[in-house]
Amino acid sequence: TQLLEQSPQFLSIQEGENLTVYCNSSSVFSSLQWYRQEPGEGPVLLVTVVTGGEVKKLKRLTFQFGDARKDSSLHITAAQPGDTGLYLCAGANEYGNKLVFGAGTILRVKS
Amino acid sequence: DVKVTQSSRYLVKRTGEKVFLECVQDMDHENMFWYRQDPGLGLRLIYFSYDVKMKEKGDIPEGYSVSREKKERFSLILESASTNQTSMYLCASSSTGGIDIQYFGAGTRLSVL
């Protein structure tokens, strides 16, 4: 069974600070996705990374896929209150048709 | 835009009741999924379906069954609800081929008393 360890579980920071969320596994994934979920809503895809070593930027968010495709990180620069939410990483199996989710990181950005 | 609609946002049921959770997607996706989401555990896959009348067990299928009679509709059934099935249930759909991007419904928060 593939597992994804996500850390930290909770993060409470002040507006303007930087933060990094990590997802680690002993398994190799064909791709890795990051979702953001707001209260009362389903998760919404932020980004998909496919190639080992790949880095993608989405405004103040930087996503990295590890060289061995076993781990990933999400870095937020100058966090804002609007970034508050639950962040989930999800790894796709070799066929790409099933996802394994990390437990999630609850981020709270205080103004 | 892809739309995945779950029939209820909140449900309260009693122990032993049969519960139906409905999910409809409007993008002609082949794949549909049911997850439950619990604090600190992330999303856990209950069942998924890759075609009409086809289903496969996920990681935690015990106590659940599913039905997919039409491509756009995927139902989750709790034959005899128990208190440990109190949870948030999320439905998702995706197309076949390429990278699997799953689109989620807003979720059904089920309380079993």
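Cut-offs used in this document
- Residues numbered from 1 in each chain as written.
- Chains lettered and ligands numbered in written order.
- Predicted model: local features only at pLDDT ≥ 70, side-chain atom pairs only at ≥ 80, totals over all residues.
- Heavy atoms only, no water.
- Helix = DSSP H or I, 4+ residues; strand = E, 2+ residues; numbered from the N terminus.
- Rg over C-alpha atoms; globule rule 2.2 N^0.38 Å.
- Contact = heavy atoms within 4.5 Å.
- Areas by Shrake-Rupley, 256 points an atom, 1.4 Å probe, with all protein chains shown as cover.
- Buried area = accessible area lost by both parts, 1.4 Å probe.
- Nonpolar A, V, L, I, M, F, W, Y, C, P; charged D, E, K, R; others polar.

Chemist: Any chance you could explain the overall build of chain B here in plain terms?
Modeler: Tallying secondary structure elements over chain B gives zero helices and eleven strands in all. What you see for chain B is a C-alpha radius of gyration of 13 Å, in line with the 13 Å of a compact globule of 113 residues. Principal-axis analysis of the C-alpha atoms places the extent of chain B at approximately 40 × 30 × 25 Å. Restricting to contacts in chain B with at least 6 residues of sequence separation, those with at least 24 account for 56%. A total of about 5500 Å² of accessible surface is found on chain B, and carbon and sulfur atoms cover 50% of it.

Chemist: What is the right way to read the interface of chain B and chain A from this model?
Modeler: Buried accessible area, meaning the area lost when the parts come together, often serves as the stated size of an interface. At the junction of the two partners, chain B supplies 18 residues and chain A supplies 21 residues. A combined buried area of about 1600 Å² lies between chain B and chain A, and 57% of that area is made up of carbon and sulfur atoms. Of all the secondary-structure elements, those providing two or more residues to the side of chain B that touches chain A are β4 (31-38) and β5 (42-49) of chain B. Per element, the largest residue contribution to the side of chain B that touches chain A is four residues, and it comes from β5 of chain B. For the side of chain B that touches chain A, the class distribution of residues is eleven nonpolar, five polar and two charged.

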